[in-house]
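Observations on the model geometry
Okay, here's what each chain looks like letter by letter:
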Amino acid sequence: QVQLVESGGGLVQAGDSLRLSCAASGGTFSTYTMGWFRQAPGKEREFVGLIGLTGASTYYPESVKGRFIISRDSAKKTIYLQMNSLKPEDTAVYYCAARYGFGGRRTGPDDYDYWGQGTQVTVSS
């Protein structure tokens, strides 16, 4: 069992950057594949990226590839989502998620076991 808490969301303008954080507690951090998802009003929850157990591998969808970067800090038991060149279509509630063990290229919400409460990101034009 692991608890996840996101932070760092806010209101920014198109082209700006923003860094989200997800603090984990109550579990062994290094045993979880970590992912980020987002959900906009009227849309399904969408995969944003994942990072492997050691942080050596990452995977992103085409919609954010080259703009977003996921990292993990084992000492702080925290993962980050660095978002650059933000676009209005990036506006959504962003969620941190954890999957026990190897994740590969799992991109579906049902592939993850634990979730944070979400943090709002709004990008104006």
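As a reminder, the structure under discussion sits directly above these lines.
To start, this report covers the structure provided alongside it. (Residues numbered from 1 in each chain as written. Predicted model: local features only at pLDDT ≥ 70, side-chain atom pairs only at ≥ 80, totals over all residues. Heavy atoms only, no water.)

Focus on unusual backbone geometry
Basically, it comes down to this: Buried residues are those whose accessible area, probed at 1.4 Å on protein chains only, stays under 20% of the maximum for their type, while exposed residues exceed 50% and partly exposed ones sit between those limits. By the criteria applied, helices consist of DSSP H or I runs no shorter than four residues and strands consist of E runs no shorter than two, each listed in order from the N terminus.
With a phi close to 50 degrees, K77 is a non-glycine residue in the positive phi region. The partly exposed category is assigned to K77, whose relative accessible area is 27%. Backbone geometry places S85, a non-glycine residue, at a positive phi of 50 degrees. Considering the arrangement of structural elements, one finds S85 in the loop between strand 8 (78-83) and strand 9 (92-100). A relative accessible area of 41% means that S85 is categorised as partly exposed.

So, the pairing of strand 9
The line we're drawing: Pairing between strands is defined by DSSP: at least two bridges between the two strands are required.
In terms of burial, strand 9 is a largely internal element, 7 of the 9 residues being buried. In terms of strand pairing, strand 4 (residues 32-39) meets strand 9 through 8 bridges, oriented antiparallel. In the strand pairing of strand 9, W36 is matched with C96. As judged from the 3 bridges shared by strand 9 and strand 11 (residues 119-124), these two strands associate in the antiparallel manner. By the bridge assignment for strand 11, A92 is matched with V121. Taken together, the 2 bridges between strand 9 and strand 10 (residues 114-115) define a ladder with antiparallel strand orientation. Its bridge partner lying in strand 10, A98 is registered against Y114.

With respect to the sheet that holds strand 1 (residues 3-7)
Hydrogen bonds between backbone groups are what pair the strands of a sheet, and the pairing can be parallel or antiparallel. Operational definition: Only the stretch in contact is used when fitting a helix axis, every axis being a line fitted to C-alpha atoms; angles between N-to-C directions are given from 0 to 180 degrees.
With respect to topology, 4 strands assemble into an open sheet ordered 1-3-8-7, the strand pairing being antiparallel. A strand with exactly one partner marks an edge of an open sheet, and here the two such strands are strand 1 and strand 7 (68-73). Put simply, the sheet's adjacent strands are angled 15 degrees from each other on average, direction ignored. Relative to strand 3 (residues 18-25), strand 1 runs antiparallel, the two sharing 5 bridges. Across the sheet, Q3 pairs through a bridge with S25, a residue of strand 3.

Considering the packing of aromatic side chains
Aromatic rings considered in pairs are described by the distance between their centres and by the relative angle of their planes. Our working rule: Classification of ring pairs rests on two measures: the distance between centres of Phe, Tyr or Trp rings, Trp counted by its six-membered ring, which must be within 6.5 Å, and the angle between planes, read as stacked under 30 degrees, edge-to-face over 60 and tilted in between.
Taken as a whole, this structure holds 8 aromatic pairs when the rule is applied. Between Y32 and Y114, the ring centres sit 6.0 Å apart and the planes meet at 75 degrees, which makes this aromatic pair edge-to-face. One end of the pair, Y32, is in strand 4; the other, Y114, is in strand 10, and 82 residues separate them in sequence. Its relative accessible area of 6% is what places Y32 among the buried residues. Judged by relative accessible area, Y114 falls into the partly exposed class, the value being 26%. Taking 6.4 Å as the distance between ring centres and 65 degrees as the angle between the ring planes, the aromatic pair formed by Y112 and W115 counts as edge-to-face. What links up through ring pairs into an aromatic cluster is the set F37, F47, Y59, Y95, Y112 and W115.

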